[in-house]
Amino acid sequence: MKCAGKGEQASGMLLIEGFLVGGCAGLVAVVYRRLLSWAEEAVMWISTQLRADLLWLPLVLVMLVLIGVGIAALLRWEPMISGSGIPQIEGEVQGTIDQNWKRVIPCKMAAGTLAALGGLSLGREGPSIQLGGMCGKGVATLLHRESHARSLITCGSGAGLAAAFNAPLSGILFCLEEVLKDFRTPLLLAVVIAALTGDFLSRAAFGFAPSFDFALESSLPLSAYGWVLLLGVVAGAAGAFYNYATLRMPALYARLSFVKPHQRVCIALLVSALCMVFLPQVLCGGHAMIVLLEHSPRLLGTLLFLLGMKFLFSLVSFGSGAAGGIFFPLLVLGSYLGAAYGCLVTSLGGMNEAYINNFIILGMAALFSGIVRAPLTGIVLIMEMCGGLPQLLSLTLVSLTAYLSAQALGSRPIYESLLERMTKKAPSQS
């Protein structure tokens, strides 16, 4: 009985700590999300001015050079802020990476904000997961609960994702399915509390509106499920190619021997300058492309062109090592893949064009599963972000098909591959 009492007391303490970590992680993620929103608004304003008058170009180039110098300095001082941050968190939980949370939190926020101000095609979700995880590590350290650090890092990661997307269930599932791979009840409850706390803070700051607004008139008929299966195969192949190309980008950057690794972001910023002039839609995480997809006519040629350009710019941005993730950009790519596929299906199969929105949602879930290889998280994430509960059957089918297709092609999960590369090349940070 005494042992049981101690066990219950330990579980109760973990729940309290989960609430505390969720509050800290949620607050940090909300601040980071607000900073990125302001940065993206500034980029779009700069692009508008630049396209109206090229005399702005010298000033913009000077700004981008200064941003590049700032990011390079931060990357050199704290290498663990490079990229999305999800592999770092997975390595931390597995014990192969030891990050300095006091340095990572401010440096990641500063470098991520600068990358967004430079217009790079990077998402907030991976960094929010890393920031949340480091909040968990910080709480564990300050409370002298180092033995529970692994659990609290997981709680913080879930809260960070929940706050980034207003998606608490996705935050819970992603941490348990992708980061920790552990579904024990006490830890599950702590992650739930942390994610709900982070989501509450996010909704208090940003409201209850979903991230994507693709109205569904009705669910796909069962007669269209052959097209759903085919979309899963296409998305699985696309996901495998995305992973291959993403992992190849550092080798391509390495051919520029005169550019040091922490200076590669300057190359991406120069590409961003071109996009500001000629193709502002692909800048930043992709909100402009989502708005365009929600409110403009879906022309197949335009969809494919923007899909290709966003893909290339995302590769250049992420491959540079800048602080930022692939989470939101890959969902944008999935939405355009689904839209283009939906245009083809409705024209070839004689289906109602209203079903294009269904395929947009399915495309996001399918590409996420093909790239990240966390199908449960993908299904729940898209339902939370799009209100796609009536699509549960088709979402499940397309996600599992994409997962199996990518696996059959020999493609490994992207974050697993990035973590393996990181632990081979980088020493632990104490």
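Note that the structure is predicted; figures quoted are calculated from it, not measured.

*Asks:* How would you summarise unusual backbone geometry if you had to cite specific residues and measurements?
*Replies:* Non-glycine residue C284 carries a positive phi angle of around 60°. Its location among the elements puts C284 in the loop between α10 (265–278) and α11 (287–295). Given a relative accessible area of 2%, C284 falls into the buried group. Backbone geometry at R373 places phi at a positive 65°, although glycine is not the residue there. Along the chain, the position of R373 falls in the loop between α14 (356–372) and α15 (375–386).

*Asks:* Account for the UniProt feature "transmembrane region" (unreviewed entry) in the protein, with residues named and values stated.
*Replies:* With numbering aligned to this structure, UniProt lists the feature "transmembrane region" (unreviewed entry) at residues 12–35, 55–75, 187–212, 224–244, 265–293, 299–319, 326–349 and 355–376. Across residues 224–244, helical content stands at 95% and strand content at 0%; the span's end C-alpha atoms are separated by 31 Å. As a span, residues 326–349 carries 92% helix and 0% strand, and end to end its C-alpha atoms are 33 Å apart.

*Asks:* Summarise the state of the cysteines; cite the residues concerned and give the values.
*Replies:* Counting across every chain of the model gives zero disulfides. Sulfur of C284: no disulfide; nearest cysteine sulfur belongs to C275 and is 10 Å away.

*Asks:* Describe the packing of aromatic side chains, listing the residues and the values that go with them.
*Replies:* Following the criterion strictly, the structure yields seven aromatic pairs and no others. Linked through ring pairs, F174, F327, F368 and Y415 together constitute an aromatic cluster. The ring centre of W77 lies 5.2 Å from the NZ or CZ of R103, which sits over that ring. The cationic tip of R124 hangs over the ring face of F328; the distance from NZ or CZ to the ring centre is 5.9 Å.

*Asks:* Tell me what's going on with a nonpolar patch on the surface, and back it up with residues and numbers.
*Replies:* Taken together, the side chains of L300, L304, L344 and L348 make up a nonpolar region of the molecular surface, amounting to roughly 370 Å² of accessible area. Here L304 shows up in helix α12 (residues 300–319). Classification of L304 by relative accessible area gives partly exposed; the value is 47%.

*Asks:* Let's hear about the pattern of salt bridges: which residues, and what values?
*Replies:* Throughout the structure, instances matching the rule amount to eight salt bridges. For R145, the salt bridge is made with E17, and the minimal N-O distance between the two is 2.4 Å. Here E17 lies in helix α1 (residues 2–52) and R145 lies in the loop between α5 (125–142) and α6 (149–165), a separation of 128 residues in the sequence. Looking at R145, the relative accessible area reads 21%, which means it is partly exposed. On the accessibility criterion, E17 (1% relative accessible area) is buried. Here K137 ties to D98 by a salt bridge, and the two come within 2.5 Å at their closest N and O atoms. One end of the pair, K137, is in helix α5; the other, D98, is in the loop between α3 (86–94) and α4 (101–117), with 39 residues separating them in the sequence. Residue class for K137 comes out buried when judged on its relative accessible area of 11%. Exposure remark for D98: the relative accessible area of 33% places this residue in the partly exposed category. Taken together, the salt bridges that share partners define one network made up of E92, D98 and K137.

*Asks:* Account for the environment of L292, naming residues and giving values.
*Replies:* Considering the arrangement of structural elements, one finds L292 in helix α11. Since its relative accessible area comes to 29%, L292 is described here as partly exposed. Considered as a pair, L292 and A204 are 88 residues apart in the sequence and their alpha carbons are 27 Å apart. Beyond its immediate sequence surroundings of up to four residues, L292 is in contact with Q281, L306 and Y336.

Analysis parameters
Residues numbered from 1 in each chain as written. Predicted model: local features only at pLDDT ≥ 70, side-chain atom pairs only at ≥ 80, totals over all residues. Heavy atoms only, no water. Helix = DSSP H or I, 4+ residues; strand = E, 2+ residues; numbered from the N terminus. Buried < 20%, exposed > 50% of the residue type's maximum accessible area, 1.4 Å probe, protein only. UniProt positions renumbered as here; feature names shortened; annotations may be inferred. Disulfide = S-S within 2.5 Å. Phe/Tyr/Trp six-rings, centres within 6.5 Å; stacked < 30°, edge-to-face > 60°. Lys NZ or Arg CZ within 6 Å of the ring centre and 35° of its normal. Patch = residues over 30% accessible without salt bridge, like charges linked within 9 Å, V, L, I, M, F, W, Y side chains within 5 Å. Areas by Shrake-Rupley, 256 points an atom, 1.4 Å probe, with all protein chains shown as cover. Salt bridge = Lys/Arg side-chain N within 4 Å of Asp/Glu carboxyl O. Contact = heavy atoms within 4.5 Å.

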